[in-house]
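A closer look at the structure
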Amino acid sequence: MGHGLLQGKKGIIFGALDHKSIAWKVAERCVEEGAQIVLTNAPVAMRLGEINELATKLNCEIIPADATSIEDLENLIIKSQEILGGKLDFILHSIGMSINVRKKKDYTDLNYEWMKTTFDVSAISFHKVLQTAFKHDAINPWGSVVGLTYIAAQRTFPDYSEMAESKALLESFARSFGYHYAKKANVRVNTISQSPTVTTAGSGIKGFSDFFSYADKMSPLGNASSDACADYCVSLFSDLTRYVTMQNLFHDGGFSSMGMAPEILED
Ligand code: NAI
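Residues numbered from 1 in each chain as written. Predicted model: local features only at pLDDT ≥ 70, side-chain atom pairs only at ≥ 80, totals over all residues. Heavy atoms only, no water.

**Remarks on the overall build of the protein chain**
Using the following cut-off: Numbering of helices and strands runs from the N terminus, with a helix taken as a DSSP run of H or I at least four residues long and a strand as a DSSP run of E at least two residues long. Throughout, radius of gyration means the C-alpha value; the globule benchmark is 2.2 Å times the number of residues raised to the power 0.38. Summary of the burial criterion: residues with accessible area below 20% of their type's maximum are buried, those above 50% are exposed, and those between are partly exposed, where the area comes from a 1.4 Å probe applied to protein chains only. Every residue pair with non-hydrogen atoms within 4.5 Å of one another is taken to be in contact. Exposure was quantified through the Shrake-Rupley algorithm and a 1.4 Å probe, taking into account, for residues, occlusion by the shown protein chains and nothing else. Charged residues are defined here as Lys and Arg on the positive side and Asp and Glu on the negative side; His and the ends of the chain fall outside this count. Each charge is placed at NZ for Lys, CZ for Arg, CG for Asp and CD for Glu.
Looking only at helices and strands, one finds eleven helices and seven strands in the protein chain. What you see for the protein chain is a C-alpha radius of gyration of 18 Å, in line with the 18 Å of a compact globule of 267 residues. Judged by the C-alpha coordinates and their principal axes, the protein chain covers about 55 × 40 × 40 Å. Per-residue burial over the protein chain gives 51% buried out of 267 residues. A sequence separation of at least 24 residues applies to 75% of the contacts in the protein chain between residues at least 6 apart. Of the roughly 12500 Å² of accessible surface on the protein chain, a fraction of 54% belongs to carbon and sulfur atoms. Separation between the mean location of the 25 positive side-chain charges and that of the 31 negative ones in the protein chain comes to 5 Å.

**Remarks on the packing of helix α4 (residues 70-84) against helix α6 (residues 112-135)**
For clarity, the threshold we go by: Lines are fitted to the C-alpha atoms to define the axes, a helix being fitted only along its stretch in contact, and any angle between axes, read from their N-to-C directions, falls within 0 to 180 degrees. Here roughly perpendicular refers to angles of 65 to 115 degrees, roughly parallel to angles under 35, roughly antiparallel to angles over 145, and oblique to all remaining angles. What makes a crossing left-handed is the near helix being turned counterclockwise from the far one by less than a right angle; a clockwise turn instead makes it right-handed. Just so you know the grouping, Ala, Val, Leu, Ile, Met, Phe, Trp, Tyr, Cys and Pro go in nonpolar, Asp, Glu, Lys and Arg go in charged, and all remaining residues, Gly too, go in polar.
In contact at an axis separation of 10 Å, α4 and α6 are set at 50° when each is read in the N-to-C sense. In this view, α4 runs oblique relative to α6, as classed from their interaxial angle. Seen along the crossing, α4 lies across α6 with a hand that is right-handed. Residue-level contacts link I70, L73, E74 and I77 of α4 to K128, V129, T132 and A133 of α6. Within the contact of α4 with α6, the residues separate by chemical class into five nonpolar, one polar and two charged.

**Notes on the sheet that holds strand β5 (residues 139-149)**
Filter applied, for reference: Here, strands pair whenever DSSP counts at least two bridges between them.
Strand order in the open sheet made by the seven strands is β3-β2-β1-β4-β5-β6-β7, with parallel pairing throughout. Looking at strand neighbours, the two that pair on one side only are β3 (61-62) and β7 (248-251), the edges of this open sheet. Two strands pair when backbone bridges link them, and strand β2 (residues 36-40) and β3 are joined in this way by two bridges, in the parallel orientation. By the bridge assignment for β3, L39 is matched with I62. Across the sheet, α6 is in contact with β1 (10-14), β4 (88-93), β5 and β6 (188-194); its angle to β4 comes to roughly 170°.

The following block contains the structure:
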């Protein structure tokens with residue numbers, strides 16, 4: 001049951017592909033808390049995924065947009081405000097994709113054209129979304145923009161490959177753009193560093209299931225689920241976190257502060 005934390009707020013949710021997607025859970029929780037939302041995803045994902053099912057369930061519209069295309073993003077930002085009847089209060093960026101990971105290229109043998117695409121889709125798209133919203137003055141004062149990231153931005157996780165650098169870039173954009181958006185309109189920009197989560201993108205990483213259980217044991221509270229991540233996103237979109245900005249916020253059951261877990265040694 002919701003608590004009306006997002007009553008009257010309007011937002012765009014990127015990245016709901018199927019029911020496992022983190023963005024799927026966030027969309028459900030936002031609506032439960034009283035928000036009006038527009039869903040968006042890349043045109044190809046609309047054909048492969050289940051987003052129509054979610055839109056029907058939540059009674060909201062879908063506007064396709066490739067997050068690397070400024071033209072698509074402008075259309076999305078303008079049309080969303082028309083549909084929702086006013087400026088936005090929040091945006092979730094829940095997008096990640098690496099062709100080198102998908103094609104199982106070794107980190108020491110990466111294809112640089114693919115790497116550019118990875119950075120564009122997974123990180124530069126965050127700047128593009130922010131810049132488009134900024135130029136169109138599309139977000140209300142005290143609005144909130146959140147991107148999803150992973151601790152491989154700070155520490156080495158060999159199989160995460162070039163996605164590590166994507167996440168480092170994404171987090172840096174949140175800090176830098178957070179400054180400019182705070183000065184312009186008191187808009188907050190943060191990233192949430194989420195535990196490993198069983199989703200299409202997550203499971204694409206080599207050795208994911210072993211790593212998932214390793215992280216679960218390493219984290220004193222266990223891995224944070226996508227439902228818990230959705231709760232955290234709601235809190236960041238709400239008025240209860242108005243002075244939190246330019247942060248990378250770990251939502252990982254304590255994983256990031258651990259040095260050694262006796263439970264793993266026992267195994
Ligand atoms: P997912 O596969 O459900 O979501 C990824 C989304 O990115 C998909 O909906 C896909 O269609 C979308 N996308 C890809 N290219 C796009 C483009 N050009 N334009 C617009 N959208 C595009 O997987 P998940 O796990 O829900 O991923 C969401 C975010 O969470 C990603 O940023 C991911 O890196 C991050 N994350 C995931 C973790 C995990 O273990 N699953 C852990 C930490 C962070």
